[in-house]
Amino acid sequence: ALRRAALGAGGAEVVAYATVSGAVGALAPSPSRDDRDFFAHLEMHVRQERLAPTGRDHASYRSSYAPAKDVADGDLCAEFLALPADARRRVAADLDRTPADVAKKLEDARNRVL
């Protein structure tokens, strides 16, 4: 099921969905091109640092039915917070930010939706 809605008072409008397997998610637009580029790069770096438990490449998994274009995986980006401290510093340095800046950006994106 798909529904266009704001998930909280004053929250951004998103497309919320639920799947037959019970997953619930939301597709939220990026407020700027800079944000879109930031999350795309963060996703790329986290994908390299955190290997899937199945050993399957994350990008090919996401594109198994249709190409994933201009969509950042928020769950994968949030995995940045679960990386070891040295990996967080390395990823943040590649993004020209501090780990605290990246964590704040993730929190801001989550709060925009909720």
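Residues numbered from 1 in each chain as written. Predicted model: local features only at pLDDT ≥ 70, side-chain atom pairs only at ≥ 80, totals over all residues. Heavy atoms only, no water.

*Asks:* For helix α5 (residues 99-113), give the residues involved together with the corresponding values.
*Replies:* Working note: α-helix, 3.6 residues per turn, so residues spaced by three or four point in the same direction. Taking 1.5 Å as the rise per residue, α5 with 15 residues should run 21 Å; its terminal C-alpha atoms sit 22 Å apart, in good agreement. Of the positions making up α5, those classed as buried are Val102, Lys105, Leu106, Ala109 and Val113. All buried residues of α5 lie within an arc of 95° about the axis, which places them on one face of the element. On its buried face, α5 sits against β2 (13-18), α1 (33-49), α3 (74-78) and α4 (85-94). (Helix = DSSP H or I, 4+ residues; strand = E, 2+ residues; numbered from the N terminus. Expected span 1.5 Å × (residues − 1). Buried < 20%, exposed > 50% of the residue type's maximum accessible area, 1.4 Å probe, protein only. Arc of directions from axis to C-beta. Contact = heavy atoms within 4.5 Å.)

*Asks:* So what's going on with the packing of aromatic side chains? Residues and values would help.
*Replies:* As enumerated under the stated definition, the model contains 1 aromatic pair in all. A cation over an aromatic ring shows up here: Lys105 above the ring of Phe38, its NZ or CZ 5.5 Å from the ring centre. (Phe/Tyr/Trp six-rings, centres within 6.5 Å; stacked < 30°, edge-to-face > 60°. Lys NZ or Arg CZ within 6 Å of the ring centre and 35° of its normal.)

*Asks:* Please give an account of the packing of α1 against α5 that cites residues and values.
*Replies:* Between α1 and α5, whose axes approach to 12 Å, the crossing angle comes to 120°. With respect to the hand of their crossing, α1 and α5 are arranged in left-handed fashion. On α5, the residues touching Asp35, Phe38, Phe39 and Leu42 of α1 are Val102, Lys105, Leu106, Ala109 and Arg112. Residue composition of the contact of α1 with α5, grouped by class: 6 nonpolar, no polar and 3 charged. (Axes fitted to C-alpha atoms, helices over the stretch in contact; angles between N-to-C directions. Left-handed = near helix turned anticlockwise from the far one by under 90°. Nonpolar A, V, L, I, M, F, W, Y, C, P; charged D, E, K, R; others polar.)

*Asks:* Lay out the sheet that holds strand β3 (residues 24-27) with the relevant residues and their values.
*Replies:* Overall, antiparallel pairing links the 3 strands, which are arranged β1-β2-β3 in an open sheet. Lying at the two open borders of the sheet, with one neighbouring strand each, are β1 (2-6) and β3. Each strand of the sheet is rotated relative to its neighbour by a mean of 35°, with strand direction disregarded. With 5 bridges connecting them, β1 and β2 associate as antiparallel partners. In the strand pairing of β2, Arg4 is matched with Val15. (Pairing = 2+ DSSP bridges.)

*Asks:* A description of the nonpolar core should follow, citing residues and the corresponding values.
*Replies:* Counting residues in hydrophobic clusters, the biggest one holds 15 residues, and the most contacted among them are Phe39, Leu42, Phe80, Val102 and Leu106. When residues of this core are traced back to their parent elements, those giving at least two are α1, α3, α4 and α5. With residues near it in sequence (within four places) discarded, Phe80 still touches Leu42, Val46, Arg88, Val91, Ala92, Pro99, Val102, Ala103 and Leu106. (Core = buried A, V, L, I, M, F, W, Y, C linked by side-chain atoms within 4.5 Å.)

*Asks:* Could you give an account of the pairing of β2, with specific residues and numbers?
*Replies:* Strand residues, when the strand is regular, have side chains that alternate between the two faces of the sheet. Counting the residues in the hairpin turn of β1 and β2 gives 6 residues, including Gly10, whose phi is positive at 80°. Two elements, β2 and β3, share 4 bridges in a ladder whose sense is antiparallel. Paired with Tyr17 across the bridge in β3 is Gly25. Connecting β2 to the antiparallel partner β3 that follows it, the hairpin turn spans 5 residues, and Gly22 within it adopts a positive phi of roughly 100°.

*Asks:* How would you sum up the pattern of salt bridges? Please name residues and give values.
*Replies:* If you walk through the whole model with that rule in mind, you get 6 salt bridges. Salt-bridge contacts for Asp35 lead to Arg112; the nearest nitrogen and oxygen are separated by 3.9 Å. Of this pair, Asp35 sits in helix α1 while Arg112 is found in helix α5, placing the two residues 77 residues apart along the sequence. Ionic pairing is found between Arg47 and Glu43, a salt bridge with its closest N-O pair at 3.5 Å. (Salt bridge = Lys/Arg side-chain N within 4 Å of Asp/Glu carboxyl O.)

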